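So the chains spell out like this:
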Amino acid sequence: MPNETLNHIVDAFPIDRDALQNEDEPGRVEIIKEFSLNTSTHGIPGIARSRSIPNRLYWSISLIAFAGIMVYFITTAILAYFEYPTQTSITTIVEWPQAFPAVTICNYSPIRYDRFIHDFLNYTNSLNLTNKTSTDDFTRDQAMYVYNFLIDKMNRNESITEYLYSLDSMLIYGDFNGLSCTATNFTWFLSATHGLCYTFNAKLKNTVNDGIVHASTNGGLGIFQIQLYAHQHQYVPYLTFGK
Amino acid sequence: MIGFFLYCYLFGEGSGIVAMIHDNARVPSVEQEGLLLGPGQHHRISYVKKRSTFLPEPYTTCSGEASARMQLMLDQYNGTDYGYSQVDCYYACLHAYMYVFSFC
C-alpha cells in the first residue's frame, strides 16, 4: 500500500497507523511462525501451537528425540548399503551337453640332451665358463649354465624350439571318445620349467564353437586317452624337477 | 621368468609327463598345479566341474576383464582365448617386477 493511501485510510478511520503497516510487511518472526504452524511436519506445528512452557517443552523434546532416532536409522541404512553385503548361494544344475575340459601335457624335462649339447658346449667354451668338451659326462656345474644359455639364445632372437620335446615326437597314440587324436588337435605354449606344453580342447579365438568339443562327442562318455613317449634317455641331468 | 624358476627347481631328477586338467578358458599353470606322472605306468585322472560366479565391483574385488598388460601375457598362448584369473594376474605381476629389477 503506498504511503499516500495509508495516510488517507488513517485519516478516515480511527485506527493506529503502525498496526496497518505491520500487517502489510510481516517480520521474520511472523514468517517463521506462519511456516511452523502450516508445515506438514508433525512436531513443529505442535511447538508453535503450544501456549504453556511444559507443552512447548514436551513437543520440543519429543521432536528432537524422534528426529534423532530417524537420523540414526537412515544413516544405518545408508552405511549398510555402502558395505555392499553379499550372500553366497550354492546350486546344483544339470547341464547338457557338457564341454569336455582342457587337458595340458608337458614333458618333465624342458630340453633334449642330444639336440642341445653341442650348442651348449660352444656357448660355455666361448665364455670360458667350463673347460669341458666332452658330450658324455654332464656335471652339476654345467647345469648351472643351461638357463643362461637359453636366455642368451632368446636374447639373440634365435629359436630354441629345436631343443624342446615336440608333441610329434612324444605322442604315440591319442583317442577321444573313439575318435583318433593327433598333434594338430593341440595348441602349444612355452613353460619355463617344462619347455613345450600342449593343450587339448583349449578355448580358441575365431573358431566355430570356440574349438571346444563336448564330453558326449561321438556318443561317447568323455574319455580322452593318450599314450606318450617321455624320451627319458634324452633328459639333461639335474634339470628336471619332480622326483 | 626363466631366471626365477631356475633357483626353485634346478637339480631335480624326475622323469615322465606333467599333466593337468583345467577349464577350457583358463591358463594352465602346469608349474604349480600339474600332476607329475611317472613313465611306464597307466594313469587315470578324473574331474569334477565347479563353477563360481562372483558379483563385480563394488560387491567383491573381482574382475573378469584382463588388463591390456595382462592380455600381453595371455597372447603368448597361441590362438587361445584364455580369460582373466587372479593367479595369472599375480604371476604376471611377479614377472613384471622381476623385469623391472633386472633379475634376468
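Would you take a moment to explain the overall build of chain B for this structure?
What chain B contains, in helices and strands, is four helices and three strands. Across the 104 residues that make up chain B, the buried fraction comes to 14%. The contacts in chain B between residues at least 6 apart in sequence include a share of 38% that link residues at least 24 apart.

How should the environment of Gly40(B) be read in this particular structure?
All names here are of chain B. Looking at the element boundaries, Gly40 is found in the loop between strand 3 (35–37) and helix 3 (68–74). Since 8 C-beta atoms lie within 10 Å of it, Gly40 is described here as exposed. Separated by 33 residues in sequence, Gly40 and Met73 have C-alpha atoms that sit 35 Å apart.

Would you take a moment to explain the pairing of strand 4 (residues 186–191) of chain A for this structure?
A regular strand carries its side chains on alternate faces of the sheet. All names here are of chain A. The element strand 4 is extensively covered by neighbouring structure, given that five of its six residues are classed as buried. Bridge count between strand 4 and strand 5 (residues 195–200): six bridges; the pairing is antiparallel. Looking at the pairing, Phe186 lines up with Phe200 of strand 5. Between strand 4 and the antiparallel strand that follows it, strand 5, lie three residues.

Is there a simple way to explain the domain arrangement of chain A in this structure?
Much of the literature gives interface size as the accessible area that the parts lose upon coming together. Looking at the assigned domains, one finds that chain A contains domain 1 (3–82) and domain 2 (103–234). Taken over C-alpha atoms, the centre of domain 1 of chain A sits 87 Å from the centre of domain 2 of chain A.

For this particular structure, what's the right way to read the sheet that holds strand 6 (residues 224–228) of chain A?
Backbone hydrogen bonds hold the strands of a sheet together, and the pairing may be parallel or antiparallel. All names here are of chain A. Pairing is antiparallel across the open sheet formed by three strands, whose spatial order is 3-2-6. Strands with a single pairing partner mark the edges of an open sheet, and in this sheet they are strand 3 (179–180) and strand 6. Of the pairings in the sheet, the one linking strand 2 (residues 171–176) to strand 3 comprises two bridges and is antiparallel in character. The residue bridging Phe176 from the neighbouring strand is Leu179, located in strand 3.

How should I be thinking about helix 8 (residues 146–155) of chain A in this particular structure?
An α-helix turns once every 3.6 residues. As a result, residues three or four positions apart point the same way. Looking at helix 8 of chain A, one finds that the buried residues are Val146(A), Phe149(A) and Leu150(A). For helix 8 of chain A, the angular spread of buried residues about the axis comes to 95 degrees, placing them on one side.

Looking at this structure, I do not really get the pairing of strand 2 (residues 17–22) of chain B. What am I missing?
All names here are of chain B. Counting buried positions over the six residues of strand 2 gives five, a clear majority of the element. Sheet topology places strand 2 next to strand 3; three bridges connect them, and they run antiparallel. Paired with Ile17 across the strands is Leu37, a residue of strand 3.

Quick question: what am I supposed to make of the interface of chain A and chain B here?
Facing 41 residues of chain A, the contacting portion of chain B comprises 39 residues. Elements with a contribution of two residues or more to the side of chain A that touches chain B: strand 1 (102–107), helix 8, strand 4 and strand 5 of chain A. Of all the elements, strand 1 of chain A adds the most residues to the side of chain A that touches chain B, at six residues. Its residues assigned to classes, the side of chain A that touches chain B comprises 25 nonpolar, 12 polar and four charged. Looking at chain direction, strand 1 of chain A and strand 2 of chain B are connected through six bridges and run antiparallel. Following the sheet pairing, Asn107(A) is matched in strand 2 of chain B by Ile17(B).

How each quantity is defined
- Residues numbered from 1 in each chain as written.
- Chains lettered and ligands numbered in written order.
- Predicted model: local features only at pLDDT ≥ 70, side-chain atom pairs only at ≥ 80, totals over all residues.
- Helix = DSSP H or I, 4+ residues; strand = E, 2+ residues; numbered from the N terminus.
- Buried ≥ 20, exposed ≤ 12 C-beta atoms within 10 Å, placed from the backbone.
- Contact = placed C-beta atoms within 7 Å.
- Pairing = 2+ DSSP bridges.
- Domains from an automatic or database assignment.
- Arc of directions from axis to C-beta.
- Nonpolar A, V, L, I, M, F, W, Y, C, P; charged D, E, K, R; others polar.

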